[in-house]
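Listed below are the residues making up each chain.
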Amino acid sequence: MGLSSIVGGLGWAMGRLSRGVRVSAGALAVVAGLWLAPAGAALGAGQAGQQSAAKVLRLPIRTDGPKSLDPAEGSTLYENLACAQIMEPLLTFSYASPGTLEPLLLTKLPESADGGKTWQFELKEGVRFHDHEVFPGGKGRAVTPRDVFYTLRRLADPRYRYKNYWLIDGVIEGMNQYRDAQARLVAEGKPFDYDAPIEGFEEIDERRFRIVLTKPVYKFLYTLAQFQTSIVPREAVERYGDRFSFNPVGTGPFVLESWTPKQSLSLTKNPSYHPVAYPAREAWGRDDRRRRLDRPAGQMVPFVDRVEFTMYAQEQPMWLQFQAGKLGYTEVPGSFYEQAFDKRTRQLKPETVGRGITDHREVLLDFIFQGINMEDPVIGGYTPERRALRQALQLAVDFNELNEANYNGINIIYDGPIPFGLDGFPPEGRAPKSYRGPDLPGAQQKLAEAGWPGGRNARNEQLTIRYFTNVSQENQQLAELLKRQYQAVGVNFEPVFVDFSTLIENINNKKAQMFGFAWGSDYPDAENNLALFYGPNQSPGSNHYNYKNPAYDELYERILVMPPSPERTKLYEQMRDTLIEDVPYVGSMGRTRFYLIAPWLLNCRPTERTFSWIKYLDVDPSKQ
Amino acid sequence: MWSYVLRKILAAIPVYLGIILLVMLALRVNDPIAAYLGKNATPESIGQYRSQWGLDRPVLPVWATPPEGPVEPWLTLPVPGVEGGLSVFPPWRTQYVSFVWSLARLDLNNSWEQKRPVAQMLRSSVGPSLAVTLPALALTTSIAVTVGLLSAYFRGRLTDRVLMFASVLGMSVSVLVFIILGQYFGAYWPRQALGLNVFAIEGYDATARNWAYYCLLPVLISLAVSLGYDARFYRAVMVEEGNRDYITTARAKGASKPKIMFVHMLKNAMIPIITHVMITLPFIITGSILLEQYFNIPGMGRTLITAIASKDFPVIQSFTAVFALVFIASNILTDVLYALVDPRVRLS
């Protein structure tokens, strides 16, 4: 139990003190209040005055918030959240159905006539950049295909440290050659040439263009929904240079008013925002309609005049501000979970419901696991014995206990590496055949098959596993639990706690026999997770398991070029089951993010797949 | 007196220059560019950034053969007996001289992470730190000295025991507990249970109108954290002072106890009080990282911690140099105050 939980408990107890005690305690506060009343009252009046003038939406950003508001430099969730209000990519994920791509700056989803190698795009009419001094007369100009090409070229500029080049690495025809040629120019002290031609870019007219890929890659469309590919005007980037991050210009629903790093971010409504309607009634599911999320269907957005984000490096102030009614929504930090929810029923507590607060549960595209180095001489390899050994390691783990002890029991446990909500996720999380624990007799049998009966080999040596994990209280608890569970089958489990960079180094150097790790999908397609086991991606690439299976690699190369279809899903399942059989990791689990929503915040259903949904939010000033 | 101050300042200059050099060398033990760019950086991009941010220049003047590539900044000096002369990197372009010069002008480089001048970051974060730490220091010192005097006055009696028990209790509680409980019961609970909007849960505004609303609670928490330590320290000082001969003489001459305590004893205890306050002084600039994080105060501590986490080298180097300067300045100030309080110090 964290300190914050203790505070929560005290707060709960204070609410139940006898009236006499509360009055005495209150008297003390009254004395302090009288002394300070002028300041507080004056401030309160000021805030009330602001509220009556405009619809203001106040939201939290967990941690210190974005480090940059330039999408070319961004990578974190918080940069995504901030940038998505100011700038927009060509595509986005639907608010009503977050797994579905939909056009944002385009008239329709891009089309391909040659099976996904060449994509044709048409920009929506009326999409203009924010009104800004960088444009003639201060009036934002229309977005053109040249802006799209310029935005993608920026990813190849060494000035941005190629931070997001991975999104288009080897994907667009001629792009890698362009990047290399420009890198040579820059190394010679010459300027980066944004006008040099790229084979894969073709402008048809002022609104239509084509992008040719090196090979049909379906995930390219997901790339165009990432905030890092948000369209920016060349004039503004060239005017501000490194300071573009503090003077961002885009097509988004809001315009930056002020940004104090680590402190706050204020945005005002973009008066010339292109027409975007709230999702139609039929786009919402039954539960969403019951929650009246379809109420403003068809209305033009954004609804609010200002958005004010506050950054919270600590959880408690964010939680208290929400409880005080100052924030529209909040994530529920683990240490505050039991204040809001009944741990047994996992439902909101009656007192929370009584205050009009609602909740939303967002299942994250998470893959939490204990990875195994397949090149390890003891537990790696592909012989039947080694496979049986790893299957034993999987069968020995009680995932329910891990979930209860470490995650308040709210994680989803599932077989395979494909998270909930994606094609290839097994029904109810259970694959047709799996080695999910706890099954101690099964684990012991597999150990015997592997030549380690009772956890000992023919030379009577005990099987010892060195488990590398990031040093933290949670990981300490998790490792202790795993140690106890493995001891039950005679396996000696030795946790090694290291800082994150040392953990990465050991994994990249293939020195970590077993390691604690997690993967959050970059986009909602299981291909992203299956790529983690593709042979050529071995360490220091994302295949940290160094899993190499030619049959699997061949299937991966096939799915890479396939659009969503039942055939592709079948291949996903086949790949998933291959991994379940080979056990290159022990797992899996996925987190659920819990949100609480204030009664005055309307149309809110948070998702982390995109953050372009802030524009759909509205406030009810009468309840604020 | 002024010549004494001048002497102290002049003596501190070489010390400070030496500290800066040590700081610069220490921060370059591991390549700051490679650390900042991360594990995927190519040698080319590391080299490019090194050149762009001026870290390819020597830290100190060197006599050597110029490195490969552009040799423009290097000067060739004719040296008798050395064919072709000797190459020297212009001292005024070395990293050390550039940094000292930029410090003197307070025109520091840009932050790598935030792309804005470090001097601007310094200016914008000193105020918020001081808005909390300065009142906290003043309050803590005055209350702790008073408690110390009272404890010494009632030494061994119930008042002394109660005060010292409370001090030990205060010392035993973690800062984090003070902050979390203070924020909850100081700001949130009065608002929810009693409808009293006394303090802000978080936020920062140091204008005269709003200072108390935003900053007083962190000040009071800071006071609660430090009071125990300081009160015990000052009590020990007062008790020791109470055993001196001049106190016995004053008592023998019939001076009242309050006069002995607050006039004779307090004046003579000023040296340890000044020492203690001056030791604390640099930390009022660095701020309290935890307080700043919990109350969302954009102060120096939070800025530095963020810079360290993101390996923002110019910020770390400049802040460290400024902290060193504050330490040296507080040392000089301590010496000056000693001299003011006790003229014998100046004479010696």
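Bear in mind the structure is a predicted one, so any value in this text is a computation, not a measurement.

> Would you mind showing me how to read the packing of aromatic side chains here?
Two aromatic rings, taken as a pair, are described by how far apart their centres are and by the angle between their planes. Residue and element names in this part refer to chain A. This structure, assessed with the given rule, holds 57 aromatic pairs over all chains. Seen in terms of ring centroids, Tyr329 and Trp613 are 5.9 Å apart; in terms of plane orientation they differ by 40°. Their pairing is tilted. One end of the pair, Tyr329, is in strand S11 (residues 329-331); the other, Trp613, is in the loop between strand S20 (601-602) and strand S21 (618-619), with 284 residues separating them in the sequence. The exposure classification of Tyr329 matches that of Trp613, with both residues buried. Geometrically, the ring pair formed by Phe515 and Phe517 is edge-to-face, given 6.2 Å between the ring centres and 80° between the ring planes. On the basis of relative accessibility, which here comes to 0%, the residue Phe515 falls in the buried class. Overall, the relative accessible area of 15% leaves Phe517 in the buried class.

> Please explain the environment of Ala187(B) as it appears in this structure.
Residue and element names in this part refer to chain B. When you line up the elements, Ala187 lands in helix H7 (residues 175-194). Spatially, the C-alpha atom of Ala187 lies 25 Å from that of Ile285, the residues being 98 residues apart in sequence. In this structure Ala187 touches Gly182, Phe199, Ala200, Ile201 and Leu217, once residues within four positions along its chain are discounted.

> Got a minute to help me understand the environment of Pro384(A) in this structure?
All names here are of chain A. Mapped onto the elements of the fold, Pro384 is located in helix H12 (residues 384-395). Taking the relative accessible area as the measure of exposure, Pro384 reaches 60% and is therefore exposed. Separated by 140 residues in the primary sequence, Pro384 and Phe244 place their C-alpha atoms 57 Å from one another.

> Help me out: how do you make sense of the pattern of salt bridges in this one?
Opposite charge on two side chains permits pairing when their charged atoms draw close. Residue and element names in this part refer to chain A. Overall, the coordinates contain 49 salt bridges over all chains when judged by the stated rule. Arg179 serves as the salt-bridge partner of Asp169, at 3.8 Å between the closest nitrogen and oxygen. Placement of Asp169 in the loop between helix H4 (145-154) and helix H5 (175-187) and of Arg179 in helix H5 is noted, with a sequence separation of 10 residues between them. We classify Arg179 as buried; its relative accessible area is 19%. Across the pair Lys510 and Glu375 runs a salt bridge whose closest N-O atoms are separated by 3.2 Å. Separated by 135 residues along the polypeptide, Lys510 in the loop between helix H16 (500-508) and strand S17 (514-520) and Glu375 in the loop between strand S13 (366-372) and H12 bring together distant segments of the chain. Taking relative accessible area as the criterion, Lys510 reaches 26% and is therefore assigned partly exposed. A network of salt bridges, in which partner residues are shared, links Arg58, Glu257, Arg306 and Glu308.

> Would you take a moment to explain a nonpolar patch on the surface for this structure?
Taken together, the side chains of Leu6(B), Ile9(B), Leu10(B), Ile13(B) and Leu17(B) make up a nonpolar region of the molecular surface, amounting to roughly 430 Å² of accessible area. Structurally, Leu17(B) can be placed in helix H1 (residues 2-27).

> Can you help me understand the packing of helix H18 (residues 550-559) of chain A against helix H19 (residues 566-582) of chain A in this one?
Helix-helix packing is described using two parameters, namely the angle between the two axes and the distance between the axes. Residue and element names in this part refer to chain A. Relative orientation of the contacting elements H18 and H19 amounts to 155°, with a least axis distance of 10 Å. It follows from the interaxial angle that H18 and H19 lie roughly antiparallel. Crossing handedness for the pair H18 and H19: left-handed. Packed against H18, whose contacting residues are Tyr552, Leu555, Tyr556, Arg558 and Ile559, the element H19 presents Arg568, Leu571, Tyr572, Gln574, Met575 and Leu579 at the interface. Taken together, the residues of the contact of H18 with H19 break down into 8 nonpolar, 1 polar and 2 charged.

> Would you mind going over helix H6 (residues 158-172) of chain B with me for this structure?
Residue pairs three or four apart in sequence face the same way in an α-helix, which turns once every 3.6 residues. Residues and elements named next belong to chain B. The terminal C-alpha atoms of H6, which comprises 15 residues, lie 21 Å apart, in line with the 21 Å expected from a rise of 1.5 Å per residue. Buried within H6 we find Asp160, Met164, Ser167 and Gly170. For H6, the angular spread of buried residues about the axis comes to 120°, placing them on one side. Residues of H6 that are exposed and point more than 90 degrees away from the buried face comprise Leu158, Arg161, Phe165 and Ser172. Among the structural elements, helix H5 (118-153), H7 and helix H8 (211-242) are those in contact with the buried residues of H6.

> When you look at the domain arrangement of chain B in this model, what are you seeing that I'm missing?
Put simply, an interface is often sized by how much accessible area is lost when its parts join up. All names here are of chain B. What the domain assignment reports for chain B is domain 1 (31-105) and domain 2 (118-347). Taking only C-alpha atoms, the centre of domain 1 and the centre of domain 2 are 44 Å apart. In this assembly, 6 residues from domain 1 lie in contact with 7 residues from domain 2. Overall, the association of domain 1 and domain 2 removes approximately 530 Å² of surface from exposure, summing both partners, and the carbon and sulfur fraction of that is 81%. Considering only the surface of domain 1 that becomes buried against domain 2, Pro32, Tyr36 and Phe99 emerge as the three largest contributors, covering 64% of it. Taken together, domain 1 and domain 2 are joined by 0 salt bridges. Between domain 1 and domain 2 we count 0 residue pairs in polar contact (both at pLDDT 80 or more) in total. Breaking the side of domain 1 that touches domain 2 down by element, the ones donating at least two residues are helix H2 (32-37) and helix H4 (95-105). Ranked by residue count, the leading element in the side of domain 1 that touches domain 2 is H2, at 3 residues.

> Explain the packing of H5(B) against H6(B) here, please?
Residues and elements named next belong to chain B. Direction vectors running N to C along H5 and H6 enclose 140°, while the axes themselves pass 7 Å from each other. What the angle tells us is that H5 and H6 run oblique. Crossing handedness for the pair H5 and H6: left-handed. Contact residues: H5 offers Val147, Leu150 and Ser151, while H6 offers Asp160, Leu163 and Met164.

> Even after reading the chapter, I still don't get the sheet that holds S11(A), so can you show me in this structure?
Paired through their backbone hydrogen bonds, the strands of a sheet run either parallel or antiparallel. Residues and elements named next belong to chain A. Taking strand neighbours across the sheet as the criterion, the 3 strands line up as S11-S19-S12 in an open arrangement whose pairing is antiparallel. In this open sheet, the two edge strands, each paired with only one partner strand, are S11 and strand S12 (358-363). Each strand axis lies, on average, 25° off the axis of its neighbour in the sheet, ignoring direction. In this structure, S11 lies alongside strand S19 (residues 592-597), joined through 3 bridges in antiparallel fashion. The residue of S19 that forms the bridge with Tyr329 is Ile597. Contacts between helix H9 (residues 315-323) and the sheet are confined to S11 and S19, with S11 contributing the most and set at about 145° to the helix.

Rules and cut-offs
- Residues numbered from 1 in each chain as written.
- Chains lettered and ligands numbered in written order.
- Predicted model: local features only at pLDDT ≥ 70, side-chain atom pairs only at ≥ 80, totals over all residues.
- Heavy atoms only, no water.
- Phe/Tyr/Trp six-rings, centres within 6.5 Å; stacked < 30°, edge-to-face > 60°.
- Helix = DSSP H or I, 4+ residues; strand = E, 2+ residues; numbered from the N terminus.
- Buried < 20%, exposed > 50% of the residue type's maximum accessible area, 1.4 Å probe, protein only.
- Contact = heavy atoms within 4.5 Å.
- Salt bridge = Lys/Arg side-chain N within 4 Å of Asp/Glu carboxyl O.
- Patch = residues over 30% accessible without salt bridge, like charges linked within 9 Å, V, L, I, M, F, W, Y side chains within 5 Å.
- Areas by Shrake-Rupley, 256 points an atom, 1.4 Å probe, with all protein chains shown as cover.
- Axes fitted to C-alpha atoms, helices over the stretch in contact; angles between N-to-C directions.
- Parallel < 35°, antiparallel > 145°, perpendicular 65-115°, else oblique.
- Left-handed = near helix turned anticlockwise from the far one by under 90°.
- Nonpolar A, V, L, I, M, F, W, Y, C, P; charged D, E, K, R; others polar.
- Expected span 1.5 Å × (residues − 1).
- Arc of directions from axis to C-beta.
- Domains from an automatic or database assignment.
- Buried area = accessible area lost by both parts, 1.4 Å probe.
- Polar contact = N/O pair within 3.5 Å; in protein donor to acceptor, adjacent residues only side chain to side chain.
- Pairing = 2+ DSSP bridges.

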